[in-house]
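Below are the chains, spelled out letter by letter.
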Amino acid sequence: MNQLKSSTKPFDISKWEVKEAWEEVKANKGAPGVDGQSIDDFEKDLKGNLYKVWNRMSSGSHFPPPVRAVAIPKPNGGGTRMLGIPAVADRVAQTVVARHLMRRVEPIFHPDSYGYRPGRSALDAVGKCRERSWRRDWVVEFDIAKFFDSVPWDLLVKAVAAHTDAVWVNLYVRRWLTAPLVMPDGSLVERERGTPQGAPVSPVLANLFLHYACTSRSPGIVPARKR
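Let me sum up the structure you'll find in this document. (Residues numbered from 1 in each chain as written. Predicted model: local features only at pLDDT ≥ 70, side-chain atom pairs only at ≥ 80, totals over all residues. Heavy atoms only, no water.)

## Some remarks on the overall build of the protein chain
Link 1 in the chain: Per the secondary structure count, the protein chain includes nine helices and four strands.
Link 2 in the chain: Helices and strands in the protein chain line up, N terminus first, as α-α-α-β-β-α-α-α-α-α-β-β-α.
Link 3 in the chain: C-alpha extents for the protein chain along the principal axes are approximately 60 × 40 × 30 Å.
Link 4 in the chain: By residue count, 39% of the 227 residues in the protein chain fall in the buried class.
Link 5 in the chain: Across the protein chain, every contact between residues at least 6 apart in sequence was considered, and the portion connecting residues at least 24 apart equals 68%.
Link 6 in the chain: Of the accessible surface of the protein chain, which amounts to about 13100 Å², a share of 55% is contributed by carbon and sulfur atoms.
Link 7 in the chain: If the 34 positive side-chain charges of the protein chain are averaged to one point and the 24 negative ones to another, these points end up 3 Å apart. (Helix = DSSP H or I, 4+ residues; strand = E, 2+ residues; numbered from the N terminus. Buried < 20%, exposed > 50% of the residue type's maximum accessible area, 1.4 Å probe, protein only. Contact = heavy atoms within 4.5 Å. Areas by Shrake-Rupley, 256 points an atom, 1.4 Å probe, with all protein chains shown as cover. Lys, Arg positive; Asp, Glu negative; His and termini not counted. Charge placed at Lys NZ, Arg CZ, Asp CG, Glu CD.)

Take a look at the structure:
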């Protein structure tokens, strides 16, 4: 970790960025991915494992393994929702990209946007709704069915490219979008759209897509229809 950057790599990613991403992944805890490696296992050779993530990301050779799919029961007996759990090393790599994107897109998001954003919570949203209920006697509520499963990749990639010219960010976002799912029964499912709920990079990608889908400020992007 002594050398923060390398002039011999095609992509300018610092080792410090990878280390900070690891600290975030560790704090979030989480289960192992398809390789069975836990947070504790990864930490046993932390220096070596972080070097591998940095070396592969900065050279363009990081290819994500399949994402482990886990069915999570919905509240009140409403069925299940599928979470995607990437491998720990891949979560570190995703967090590097997520942090890069958040620095660029957080300032443009609507002040009333509360989902999956740093320093904001569902309780903050409830508080704002309560405050406004004193001034309005009506409420509009809607939900996007299976949003994380249905985001169109072409529009999402355009949105990312509109906010960063970092080739490595766009490269890895494309690779993560196309990573297949390993279902609970062991079968491998190729995906054609969506970004797995539970992956570190998914929240900022989802919010970026919604920013353009719900406004007219679009870099060649049209609102996606609910499917």
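Right, picking up where we left off after that structure.
## Remarks on the sheet that holds strand 3 (residues 181-182)
Link 1 in the chain: If you trace the four strands from one edge of the open sheet to the other, you get 2-1-3-4, paired in mixed fashion. Because the sheet does not close on itself, it has two edges, and the strands there are strand 2 (80-85) and strand 4 (188-189).
Link 2 in the chain: Here two bridges tie strand 3 to strand 4, and the two strands are oriented antiparallel to one another. Looking at strand 4, one finds that Leu181 is bridged to Val189. (Pairing = 2+ DSSP bridges.)

## Considerations on the pattern of salt bridges
Link 1 in the chain: What the rule picks out here adds up to 10 salt bridges.
Link 2 in the chain: In this structure, the salt-bridge partner of Glu24 is Arg99, at a minimum N-O distance of 3.1 Å. Of the two residues, Glu24 sits in helix 1 (residues 15-28) while Arg99 sits in helix 4 (residues 88-105), which places them 75 residues apart along the sequence.
Link 3 in the chain: Put simply, Lys128 and Glu131 hold a salt bridge, and the shortest N to O gap is 3.7 Å. Note that Lys128 and Glu131 are positioned in helix 5 (residues 122-133) at a spacing of three residues, about one turn of the helix.
Link 4 in the chain: Lys128 sits in the partly exposed class, given a relative accessible area of 24%. (Salt bridge = Lys/Arg side-chain N within 4 Å of Asp/Glu carboxyl O.)

## Digging into helix 3 (residues 46-59)
Link 1 in the chain: Taking 1.5 Å per residue as the helical rise, helix 3 with its 14 residues ought to reach 20 Å, and the 20 Å between its terminal C-alpha atoms agrees with that figure.
Link 2 in the chain: Among the structural elements, helix 1, helix 2 (39-44), helix 4 and helix 8 (167-178) are those in contact with the buried residues of helix 3.
Link 3 in the chain: One or two residues past the end of helix 3 sits Gly60, with phi positive at roughly 85°. (Expected span 1.5 Å × (residues − 1).)

## Observations regarding the nonpolar core
Link 1 in the chain: Ranked by size, the top nonpolar core spans 45 residues in total, and within it Met57, Val92, Val97 and Trp168 carry the most contacts.
Link 2 in the chain: Secondary structure elements with two or more residues in this core: helix 1, helix 2, helix 3, helix 4, helix 6 (147-150), helix 7 (153-161), helix 8 and helix 9 (202-213).
Link 3 in the chain: If near-sequence neighbours (up to four positions away) are discounted, Met57 is found in contact with Phe11, Ile13, His62, Ala93, Val96, Val97, Trp168 and Tyr172. (Core = buried A, V, L, I, M, F, W, Y, C linked by side-chain atoms within 4.5 Å.)

## A short note on a nonpolar patch on the surface
Link 1 in the chain: Taken together, Trp138, Val140 and Phe142 make up a surface patch of nonpolar side chains, about 420 Å² in accessible area.
Link 2 in the chain: One can find Val140 in the loop between helix 5 and helix 6.
Link 3 in the chain: Accessibility expressed as a relative area gives 63% for Val140, which makes it exposed. (Patch = residues over 30% accessible without salt bridge, like charges linked within 9 Å, V, L, I, M, F, W, Y side chains within 5 Å.)

## Some points on unusual backbone geometry
Link 1 in the chain: The phi dihedral of Lys29 falls on the positive side, at around 60°, and the residue is not glycine.
Link 2 in the chain: Counting through the fold element by element, Lys29 comes out in the loop between helix 1 and helix 2.
Link 3 in the chain: Accessibility expressed as a relative area gives 61% for Lys29, which makes it exposed.
Link 4 in the chain: At Tyr116, a residue that is not glycine, the phi angle is positive and equals roughly 55°.
Link 5 in the chain: Looking at the secondary structure, you find Tyr116 in the loop between helix 4 and helix 5.

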